[in-house]
Protein chains: 2
Amino acid sequence: MNILGIMTGTSLDGIDYALVNFQEVSSKPTFSLIATHFFEYTEALKNKIRGIISESLPISEFSQFNFYLSYLFNEKYQEFLDLYSINPIDIDCIATHGQTIWHNPNNTSFLDKQIPSTLQAGNISILAKLTGKPVVGDFRSGDIALGGQGAPLVTIFDYDYFHNNNEDRILLNIGGISNITYLPKNSNLSQILAFDCGPGNILIDAIASEYFSVAFDKNGAIAKNGNINHQLLDILLNDDFISKLPPKSTGREKYNKYSIEKVLSLIPYQIGKEDILRTFTEFTATAIAKNIIQFANPHSTIIASGGGRSNMFLMELLHNKLPQAKFNNIEDYGIPSDFKEAIAFAYLGHLRLNNMPGNVPFATGASHSTILGAIALP
Amino acid sequence: MNILGIMTGTSLDGIDYALVNFQEVSSKPTFSLIATHFFEYTEALKNKIRGIISESLPISEFSQFNFYLSYLFNEKYQEFLDLYSINPIDIDCIATHGQTIWHNPNNTSFLDKQIPSTLQAGNISILAKLTGKPVVGDFRSGDIALGGQGAPLVTIFDYDYFHNNNEDRILLNIGGISNITYLPKNSNLSQILAFDCGPGNILIDAIASEYFSVAFDKNGAIAKNGNINHQLLDILLNDDFISKLPPKSTGREKYNKYSIEKVLSLIPYQIGKEDILRTFTEFTATAIAKNIIQFANPHSTIIASGGGRSNMFLMELLHNKLPQAKFNNIEDYGIPSDFKEAIAFAYLGHLRLNNMPGNVPFATGASHSTILGAIALP
């Protein structure tokens, strides 16, 4: 069974494809990676998505974007097959996360009800007809319906493939948002923890773009030349999400360029832009370290993944803040860092196809484990 | 197999529930109606939906509405079971159309692509978890992916249950939009036609609301007292959609209170409000009759359904314009007029569960017949 996982994350950078072969129909099949590829979004598309997320627009814009994304996924799917000389007949199924446009798992007032909601763009029926393959999507809603946060969803993958009888492990993913899965040795599914820590690259990238006109702070070199502004750092660390008890999840709704502006407006003088980046990088590292120390175990083996890992300065700060931890790369376990989530969603697709639960209630806060995802046929 | 069809139409009035028993697993099973019920939307909800359709809003409004509707469907589902003393264990599946928010099956420019799109609110994963039942939804997208209009979708139901070897039949549904299915005697699926004619109640209701502060023109009594303004009627009949060759579909995007205002602004004097309603009623009847005469057969047996049927004056006009037709009520065939679409969507749910195609390419314009709908599990 070959399943193509398609991941489009909160960092809005593009589309990860990971084609995964699952060797048996079981709850923890041996798997191998066939091919992976990243297709970057055009600047026009990135701007369009940012607009849909943050501005008031006619609903036709979302309706069109929802379909557009499926047409784009199909176009890149054909390119992907060509690039790696894959015969379409060898693809059994596609599992797509969709581009998150809104995620608020907490009950919020709407007319007469208090309701949560999440919204991922990319229509699965369209993608199924265009590719000629069954498509699984809408993974988050089902968990939210059961009172969960609808995140994190990679937990089941982390547990099934990384939990170990001899050592405590922490999987740390630094995407737009940072999240961890804590796997105590010999644990079962009700003894693990998985939650968002706070910002990953999201604030660092926003500052790099706003103040330095670059997409990201390469290797963390800019931040490294700055100094911490402690007044700013104190305000940042006074963040209710960072110290909130798990399960918890967050997103671009909370951490964005407006939240940066808002915090900076509280400082009555101008801060040098290198110092701003340095301080937000410190905040990002501290948020991750604090969560590991408070809610997991700082003596664990930390297995890092995600785009934010290539910010060497951020990683250096993390090492310093967690001196007892052993840091490994997720590549040491055969998983390319950038494609871990796409692989995990291929696995969630596998679970849906076999009618097996995909959420971990202890991680998401859902009332019970449940089958995640909707299926459309070609 | 008992399937609950949930229909929420373009008239934005509320939710139709129809619980249908299908007696065999085949392409045309004998069915019987167990129970039907209409739950009216609150005024606040109607206004909210109108706002989402016609105004620029933050995407969070749609995200919340998308989930809200599933919570509401579940609430009314529990009421429905109570009202008719139905044991939840006797419900096998739910098929929901969803509330259409946007429907534009024609290729439209979006970034670098020309794409169609349709958007129905009401998340199926949420409804599946809340009700504990498998839920089928998103019926229209798959047909659109194959170049179809994504409408009409009741055609397969019309054909399977109404086509006759001895007489030509036309199923005429007058909802917000009017549509017909033309079933020549002895026809097969490639010989039938099904398409939207133009406005149903949508313009009449909008005028009743705007000028008379009533939800609809009861029995057509107000229009009956008015006179046709021929200058206005000529402009209205110069409508490109009415004479467009099928397959074709339309919606609230084209016919709405703004389109009424726009047409009225072309008349250089004030028209009496009764005359406005009379003229738009004439236009509605003429649009239907013209389509039947041009594209179907005015000698057919016409089987009428839909809320607009209770506008006696509109029906009287139709009789006059189609003197050779024999008019029947859909009740004569055992189908309650108001629940025909809900029943048809229960049937589409049945087809999806059995992996049978649901669209009629000759009606929608799709390149081929295909399985419609996505499934979420409890």
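Located above this text is the structure these notes cover.
These numbers were taken from a predicted model, which means no experiment stands behind them.

A. Expanded view of the overall build of chain A. Check the secondary structure of chain A and you find 13 helices and 13 strands. In terms of C-alpha radius of gyration, chain A reaches 20 Å, essentially the compact-globule figure of 21 Å for 378 residues. Oriented by its inertia axes, the alpha-carbon framework of chain A measures out at about 60 × 55 × 50 Å. Evaluated residue by residue, chain A yields a buried proportion of 63% over its 378 residues. Sequence separation of 24 or more characterises 69% of the internal contacts of chain A that already satisfy a separation of 6 or more.

B. Layout of empty space enclosed by the protein. According to the stated counting rule, one finds three cavities of 30 Å³ or more in the structure shown. Space inside the largest cavity adds up to approximately 550 Å³. Looking at the largest cavity, it is lined by 32 residues, and the ones nearest its centre are Asn66(A), Asn123(A), Asp138(A), Asn123(B) and Asp138(B). Elements that contribute at least two residues to the lining of the largest cavity include exactly helix H2 (59-83) and strand S6 (113-121) of chain A together with helix H2 (59-83) and strand S6 (113-121) of chain B. Partitioned by chemical class, the residues of the lining of the largest cavity number 10 nonpolar, 20 polar and two charged. There is about 100 Å³ of room inside the second largest cavity. Lining the second largest cavity are 14 residues, with Leu57(A), Ile59(A), Leu57(B), Pro58(B) and Ile59(B) positioned closest to its centre.

C. Spatial organisation of the relation of the copies chain B and chain A. With an RMSD of 0.0 Å, the operation that places chain B on chain A is a rotation of 180 degrees combined with a shift of 0.0 Å along the axis. With respect to symmetry, the two chain copies, as superposed, fit the operation of a two-fold axis. Interface residue correspondence from chain B to chain A reaches 100%, placing this contact among same-surface, isologous pairings.

D. Main features of the environment of Thr155(A). Residues and elements named next belong to chain A. By the element assignment, Thr 155 lies in helix H5 (residues 155-162). A relative accessible area of 1% means that Thr 155 is categorised as buried. Measuring from C-alpha to C-alpha, the distance between Thr 155 and Asp 217 comes to 29 Å, with 62 residues separating the pair along the chain. Non-local contacts of Thr 155, meaning those with residues more than four positions away in its chain, are made with Thr 181, Ile 192, Ala 194, Val 360 and Ala 363.

E. View of helix H12 (residues 340-353) of chain A. Residue and element names in this part refer to chain A. The first and last C-alpha atoms of H12 sit 20 Å apart over 14 residues, in line with the 20 Å expected at 1.5 Å per residue. Turning to H12, its buried residues number three or more, namely Lys 340, Ala 342, Ile 343, Ala 344, Phe 345, Ala 346, Tyr 347, Leu 348, Gly 349, His 350, Leu 351 and Arg 352. Once H12 finishes, Asn 355 follows within two positions and takes phi at roughly 55 degrees, a positive value.

F. How the structure looks around the sheet that holds strand S8 (residues 169-174) of chain B. Residue and element names in this part refer to chain B. Pairing within the open sheet is mixed, and its five strands lie in the order S10-S9-S8-S11-S12. Single-partner strands in this sheet number two, and they are strand S10 (193-199) and strand S12 (326-329). On average, adjacent strands in this sheet sit at an angle of 25 degrees to one another, irrespective of strand direction. Direction of pairing for strand S11 (residues 301-305) relative to S12: parallel, over a ladder of four bridges. When the bridges of S12 are listed, Thr 301 appears paired with Lys 326.

G. Inspection of the pattern of salt bridges at higher detail. Residues and elements named next belong to chain A. For the structure on display, the rule yields 26 salt bridges over all chains. Among the ionic pairs, Lys 46 bridges to Glu 40, the shortest N-O distance being 2.8 Å. Notably, a salt bridge pairs Glu 79 with Lys 76, separated by 3.2 Å at the nearest N-O pair. On the criterion of helical spacing, the pair formed by Glu 79 and Lys 76 is a turn pair, its members being three residues apart in helix H2. Overall, the relative accessible area of 34% leaves Glu 79 in the partly exposed class. Salt bridges linked by common partners bring Glu 40, Glu 43 and Lys 46 together as one network.

H. Fine view of the pairing of strand S10 (residues 193-199) of chain A. Residue and element names in this part refer to chain A. Counting buried positions over the seven residues of S10 gives seven, a clear majority of the element. Here strand S9 (residues 177-183) pairs with S10 via six bridges, running antiparallel. What sits directly across from Asn 179, in S10, is Asp 196.

I. Structural view of the packing of aromatic side chains. Under the definition given, this model contains 31 aromatic pairs over all chains. Between Phe31(A) and Tyr161(A) the ring centres are 4.8 Å apart and the planes differ by 90 degrees, which places this aromatic pair in the edge-to-face class. Residue Phe31(A) is located in strand S3 (residues 31-40), and its partner Tyr161(A) is located in helix H5; the two are separated by 130 residues in the primary sequence. When the centroid spacing of 5.5 Å and the interplanar angle of 40 degrees are considered together, the rings of Phe62(A) and Phe62(B) count as tilted. Taken together, the residues Phe62(A) in helix H2 and Phe62(B) in helix H2 connect one chain to another.

J. Focus on helix H1 (residues 43-54) of chain B. Counted at 1.5 Å a residue, the expected span for H1(B) with its 12 residues is 16 Å, and the 16 Å between its end C-alpha atoms agrees. For H1(B), the full list of buried residues reads Leu45(B), Lys46(B), Ile49(B), Gly51(B), Ile52(B) and Ile53(B). Buried residues belonging to H1(B) abut H2 of chain A together with strand S3 (31-40), H2 and strand S5 (99-110) of chain B.

Conventions used here
- Residues numbered from 1 in each chain as written.
- Chains lettered and ligands numbered in written order.
- Predicted model: local features only at pLDDT ≥ 70, side-chain atom pairs only at ≥ 80, totals over all residues.
- Heavy atoms only, no water.
- Helix = DSSP H or I, 4+ residues; strand = E, 2+ residues; numbered from the N terminus.
- Rg over C-alpha atoms; globule rule 2.2 N^0.38 Å.
- Buried < 20%, exposed > 50% of the residue type's maximum accessible area, 1.4 Å probe, protein only.
- Contact = heavy atoms within 4.5 Å.
- 1 Å grid on protein atoms, 1.4 Å probe; cavity = no way out; pocket = protein on both sides within 12 Å on 5 of 7 lines; lining within 4 Å.
- Points joined across faces, edges and corners; volume = space filled by probe spheres on them.
- Nonpolar A, V, L, I, M, F, W, Y, C, P; charged D, E, K, R; others polar.
- Least-squares fit on C-alpha atoms with pLDDT ≥ 70 in both.
- Expected span 1.5 Å × (residues − 1).
- Pairing = 2+ DSSP bridges.
- Axes fitted to C-alpha atoms, helices over the stretch in contact; angles between N-to-C directions.
- Salt bridge = Lys/Arg side-chain N within 4 Å of Asp/Glu carboxyl O.
- Phe/Tyr/Trp six-rings, centres within 6.5 Å; stacked < 30°, edge-to-face > 60°.

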